[in-house]
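This is what each chain is made of:
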Amino acid sequence: AGSQDNGTQQYTAAGINSTNTVSSGDGGFCFIDQNNPNIQITSTNYNNYFVSIDGGNNFNNRYFNNYGSFINPAAYDAQSKKIYAANLVNLAGNINTFLRWEDPATGGGATSFVTVPQFSGSKVTNITISPLTPNRVFFGTQSGAIVQVDNANSGNFLTGTIIGNLGAS
C-alpha cells in the first residue's frame, strides 16, 4: 500500500492489522508479480523504485534520475516482466515517450525511452496493461487521449492508435 509521506506499507496478514514500512519517502504505485509473488515492487516519487525478489523481506532501490511525475503513473506486466512508466522528459527533452524497464526482478536491467508520436506532446497520466492481448499497453494522456500501443515490449519508436479522446483533464 503506497501512501504519501508514509512510504510503502506491507501487510503481512489479512484484515486490519499492523504493517511494516518496506520503502520510505512518498509511497506510490506498488506491484506484486501474479506469476511469481516473490517479486514485489514499490515506487516512490519521480519514477524511483524498490524491488524485492524474496517475497518482500528485502528491498533494493533503483532510481531513474527523477524522470517522472511526483507520484508517477506506472504499470507492471507480469507476463513480460516489464514496468511501463510515464516519463516527463528524457535526455533529448522529448515528452512523447514512456519509460520501459526491461527486468525489474534483476534490480537493474536495461531501460528504454520509447517514443510514441500519438502522445502528441501530452504527458502520460495513466497506464494499464491489457489483460487479454500480450504486450498491449494503454496510455491515458493529460489531453484526454487514450493511446493503445501494441508490441510495447520491444523497440524504441512505436506507433500508437488513439482509441478514445475524453478531452483535457
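Going by the structure above, here's the rest.
Residues take numbers from 1 onward in each chain, read along the sequence in its written order. In keeping with the predicted nature of the model, local features appear solely for residues at pLDDT of at least 70, side-chain atom pairs appear and are counted solely at 80 or more, and the whole-chain, interface and lining totals rest on all residues. Side-chain numbers come from the whole structure's heavy atoms, not from hydrogens or water.

## Description of the sheet that holds strand 6 (residues 60-63)
Item 1. The pairing criterion for strands is at least two bridges between them, as found by DSSP. Numbering of helices and strands runs from the N terminus, with a helix taken as a DSSP run of H or I at least four residues long and a strand as a DSSP run of E at least two residues long. Taken in spatial order, the four strands of this open sheet run 3-4-5-6, and their pairing is antiparallel. Edge positions in the open sheet fall to strand 3 (30-32) and strand 6, since each of these has one partner strand only. Here the average twist between neighbouring strands, direction ignored, is 20°.
Item 2. In this structure, strand 4 (residues 40-44) lies alongside strand 5 (residues 48-52), joined through five bridges in antiparallel fashion. Bridging from a neighbouring strand, Thr 44 pairs with Asn 48 of strand 5. Fitted lines through C-alpha atoms give the axes, limited to the stretch in contact for helices. The angle between two N-to-C directions lies from 0 to 180 degrees.

## Some points on the nonpolar core
Item 1. For the purposes of this section, nonpolar cores are sets of buried Ala, Val, Leu, Ile, Met, Phe, Trp, Tyr and Cys residues that join through side-chain atoms within 4.5 Å. Categorising residues by exposure relies on relative accessible area from a 1.4 Å probe, with only protein chains included: less than 20% of the type maximum marks a residue as buried, more than 50% marks it as exposed, and the intermediate range marks it as partly exposed. In this structure, Phe 98 and Phe 139 are the most contacted members of the largest nonpolar core, which totals 17 residues.
Item 2. Ignoring anything within four residues of it in the chain, the contact list for Phe 139 reads Phe 98, Phe 119, Val 124, Asn 126, Ile 127, Ala 145, Ile 146, Val 147 and Val 149.
Item 3. In terms of nonpolar packing, the next biggest core, distinct from the first, is built from 13 residues, Phe 31, Tyr 49, Leu 99 and Trp 101 among them. Residues count as neighbours in contact if any of their non-hydrogen atoms are within 4.5 Å of one another.

## Here's the deal with unusual backbone geometry
Of all residues except glycine, most have a negative phi; of all peptide bonds, most are trans.
Item 1. Despite not being glycine, Ser 120 has its phi angle at roughly 50°, a positive value.
Item 2. Relative to the helices and strands, Ser 120 is located in the loop between strand 10 (111-115) and strand 11 (124-129).
Item 3. Even without being a glycine, Asn 151 presents a positive backbone phi close to 55°.
Item 4. Among the structural elements, Asn 151 can be located in the loop between strand 13 (145-149) and strand 14 (161-165).

## What about the layout of surface pockets?
Item 1. In this model, the largest pocket occupies a volume close to 270 Å³.
Item 2. Detection works on a 1 Å grid of protein atoms alone, calling trapped sets that fit a 1.4 Å probe cavities and calling open sets with protein on both sides within 12 Å along at least five of seven lines pockets, with lining residues defined by an atom within 4 Å of a point. The wall of the largest pocket is formed by 15 residues, among which Asp 77, Ala 78, Gln 79, Ile 129 and Ser 130 lie closest to the centre.
Item 3. For the lining of the largest pocket, the secondary-structure elements that each account for two or more residues are strand 3 and strand 7 (74-77).
Item 4. Amino acid classes used here: Ala, Val, Leu, Ile, Met, Phe, Trp, Tyr, Cys and Pro are nonpolar; Asp, Glu, Lys and Arg are charged; the rest, including Gly, are polar. A class-by-class count of the residues in the lining of the largest pocket yields eight nonpolar, six polar and one charged. Grid points are joined across faces, edges and corners, and a volume is the space filled by probe spheres set on the points.

## Some words on the packing of aromatic side chains
Each aromatic ring pair is described using two quantities: the centre-to-centre distance and the angle formed by the ring planes.
Item 1. Stacked, edge-to-face and tilted labels apply to pairs of Phe, Tyr and Trp rings (six-membered ring for Trp) whose centres lie within 6.5 Å, assigned for plane angles under 30 degrees, over 60, and everything in between, in that order. Within the structure shown, the criterion is met by six aromatic pairs.
Item 2. Taking the centre distance of 6.2 Å and the plane angle of 35° together, the rings of Phe 31 and Tyr 76 count as tilted. Of the two residues, Phe 31 is situated in strand 3 and Tyr 76 in strand 7; the sequence distance between them amounts to 45 residues.
Item 3. Here Tyr 46 and Phe 70 contribute two aromatic rings whose centre-to-centre distance is 5.6 Å and whose plane-to-plane angle is 75°, an arrangement assigned as edge-to-face. Of this pair, Tyr 46 sits in the loop between strand 4 and strand 5 while Phe 70 sits in the loop between strand 6 and strand 7; the two residues are 24 residues apart in sequence, bridging distant segments of the chain.
Item 4. The class of Tyr 46 is partly exposed, set by a relative accessible area of 32%.

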